[in-house]
Amino acid sequence: MTDEPGPAERALYLTAVRAGGRLHPEHLAPADRPAFAALVARGLLTASATGWTAANPRALGDRIGTELRTRATRLLQYAEQLPGALAPLALAYDAVRRPDGPRGDAVRIDGHVDIRQRISELISECREEVLAAQPGPRPVDGLRMALAQDLSLLRRGCSLRTVYQPAALADHDVRRQIALRTRQGARVRLLAEPYDRLLVFDRRTAVVPASDDRSRATFLTDPAVVAHLVAHFERDWARAAPADRHLDPPHPTTVRIGRLLARGLTQRAVATRLGLSERTVAAHISRLRDRYGADTLFHLGWRLRGEHHD
C-alpha cells in the first residue's frame with residue numbers, strides 16, 4: 001500500500017464526509033469494497049457503534065510524516081556508517097595489485113546504466129584527480145544524482161577540474177549545483193568554443209563517448225593515449241576563463257572597486273576614492289583578475305567594461 005490515498009479512496013472518503021462523517025459498509029457497491037478496506041487499513045475510517053466514522057486526515061499525515069522522518073534518519077545514519085563498515089574490505093581491495101590490461105586496450109561499454117556504474121566505480125577508486133570536459137547543457141538531475149559522490153571525492157583530497165561551455169550555466173539550478181562543488185574546492189572554467197567530451201581519472205583511465213547519443217562509451221587505459229587526451233584537456237583549460245563570477249557573488253567592496261576600474265581609475269585613485277590602503281585595493285584587484293581570467297590590469301579593465309555594474 002502506498003502512503004498516499006488513491007482516487008477511489010479519496011472519493012469514498014469524501015462520500016463519508018458529505019454524509020456527516022459516517023459510512024455504512026452494507027450500503028456500499030461491490031466496486032467500493034477495496035477502497036473501503038484501504039481506508040480502514042490507513043486509519044481514515046474507524047469503527048463506531050453505528051458503522052464507520054471518518055477520521056481526521058491530519059492525524060494520518062502526522063503519523064506518516066513521523067514514520068518517513070524516522071526512516072530517513074535511519075537511512076542517513078546507515079549512509080554515514082557504511083563507508084566505515086566497508087573500510088577493511090576497501091583496504092584489502094587497494095592492497096591487491098591488479099594486472100594492467102594490454103597496451104592499447106580499449107573497453108567499450110554499452111547502455112547508460114552500465115556506463116554510469118563504471119564511472120561511479122572509477123570515481124570511488126580515484127585517489128588524486130578527475131578531469132572533465134563537458135560540452136553543451138548539463139542535465140540538472142544528473143548533477144543532483146552525482147553530488148554526494150563528487151563531494152566525497154573532494155573531501156578525501158582529490159582534485160576536480162571541469163570545463164563547461166557558457167550555455168551550461170544559463171540554468172539557475174545548474175549554477176547552484178556547480179557552486180555546491182566549487183565551495184568544496186572543485187575548479188570550473190568556461191570555454192566558448194567546441195571541444196570533445198572527456199573524463200580522465202588519475203591520468204590512468206580516460207572515458208570518451210562512442211556514439212552521438214552517449215549510449216556507448218570507450219574506456220581507455222593506454223598511457224600514451226591517456227597522456228595525449230590529458231594534453232588536449234590542459235590546452236583547453238589554459239584557454240578557458242574562470243567561472244567564479246557566474247557562481248558566487250563577489251564581496252561588495254570588490255564590486256565597488258571593479259566599477260571604478262571599469263571607469264578607468266588607477267589603483268591609487270581607487271584607494272583614495274574609497275579610503276582604503278593601496279595594499280587592500282591590490283588584494284581585491286588580484287581577486288578580480290582571478291575571477292575574470294585577466295593577465296594584466298589593462299586586460300581586467302577591458303573585461304570589466306564589458307560587464308553591467310548596477
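Conventions adopted
Residues numbered from 1 in each chain as written. Predicted model: local features only at pLDDT ≥ 70, side-chain atom pairs only at ≥ 80, totals over all residues. Heavy atoms only, no water. Helix = DSSP H or I, 4+ residues; strand = E, 2+ residues; numbered from the N terminus. Buried < 20%, exposed > 50% of the residue type's maximum accessible area, 1.4 Å probe, protein only. Contact = heavy atoms within 4.5 Å. Areas by Shrake-Rupley, 256 points an atom, 1.4 Å probe, with all protein chains shown as cover. Arc of directions from axis to C-beta. Pairing = 2+ DSSP bridges. Axes fitted to C-alpha atoms, helices over the stretch in contact; angles between N-to-C directions. Phe/Tyr/Trp six-rings, centres within 6.5 Å; stacked < 30°, edge-to-face > 60°. Lys NZ or Arg CZ within 6 Å of the ring centre and 35° of its normal. Expected span 1.5 Å × (residues − 1). Polar contact = N/O pair within 3.5 Å; in protein donor to acceptor, adjacent residues only side chain to side chain.

Draft legend 1. Quick look at the overall build of the chain. Of regular secondary structure, the chain possesses 12 helices and 11 strands. Out of the 310 residues belonging to the chain, those deemed buried represent 36%. Sequence-distant contacts in the chain: of pairs separated by 6 or more residues, those separated by 24 or more amount to 70%. Carbon and sulfur atoms make up 55% of the accessible area of the chain, which totals about 19200 Å².

Draft legend 2. Up close: helix α2 (residues 33-42). Buried within α2 we find Ala35, Phe36, Ala38, Leu39 and Arg42. The buried side chains of α2 occupy one side of the element, clustering within an arc of 165° when seen end-on. Counted as exposed and oriented over 90 degrees from the buried face of α2: Pro34 and Ala41. Gly43 occupies a position one or two residues after α2 and carries a positive phi of about 90°.

Draft legend 3. Geometry of the sheet that holds strand β10 (residues 216-220). As summarised here, the arrangement of the 8 strands in space is β4-β10-β9-β8-β5-β6-β7-β11, forming an open sheet in which the pairing is mixed. On the outer flanks of this sheet lie β4 (106-110) and β11 (241-242), each paired with one strand and no other. Strands β4, β8 (198-201), β9 (205-209) and β10 of the sheet are contacted by helix α4 (residues 112-125), whose axis makes an angle of about 30° with β10. Packed on one face of the sheet, helix α5 (residues 140-155) meets β5 (129-134) and β6 (159-164) and runs near 140° to β6.

Draft legend 4. Structural view of the packing of aromatic side chains. In the structure shown here, the tally under the stated rule is 2 aromatic pairs. Measuring from centroid to centroid gives 5.5 Å for Phe36 and Trp52, while their planes differ by 90°, and the two rings are edge-to-face. Here the residue Phe36 occupies a position in helix α2, and Trp52 occupies one in strand β3 (residues 51-54), the gap between them amounting to 16 residues. When the centroid spacing of 6.0 Å and the interplanar angle of 20° are considered together, the rings of Phe233 and Trp237 count as stacked. Taken together, the residues Phe233 and Trp237, both in helix α7 (residues 223-239) and 4 residues apart, mark about one turn of the helix. A cation over an aromatic ring shows up here: Arg161 above the ring of Trp237, its NZ or CZ 5.0 Å from the ring centre.

Draft legend 5. Spotlight on the sheet that holds β3. Strand order in this open sheet of 3 strands is β1-β3-β2, and the pairing throughout is antiparallel. The sheet terminates laterally at β1 (22-23) and β2 (45-48), the two strands that pair on one side only. Bridge count between β1 and β3: 2 bridges; the pairing is antiparallel. Of the residues in β3, the one forming a bridge with Leu23 is Trp52. The sheet strands contacting α2 are β1, β2 and β3, and the helix crosses β2 at an angle near 85°.

Draft legend 6. Quick peek at α7. Taking 1.5 Å of rise per residue, 17 residues should cover 24 Å, and α7 covers 24 Å from first to last C-alpha, within 8% of that figure. Residues of α7 that are buried in the fold lie against β5, β6, β7 (187-190), β8, β9 and β10. The residue sitting at the N-terminus of α7 and contributing the capping side-chain oxygen is Asp222; that oxygen lies 3.0 Å from the backbone nitrogen of Ala224.

Draft legend 7. Fine view of the environment of Ser215. Among the secondary structure elements, Ser215 is positioned in the loop between β9 and β10. We classify Ser215 as buried; its relative accessible area is 19%. When the C-alpha positions of Ser215 and Gly111 are compared, they lie 5.0 Å apart, and in sequence the two are 104 residues distant. Dropping the residues within four chain positions of it, Ser215 is found in contact with Ile109, Asp110, Gly111, His112 and Ile115. A polar side-chain atom of Ser215 sits 2.7 Å from a polar atom in the side chain of Asp213.

Purely spatial values, then, with no claim about function.
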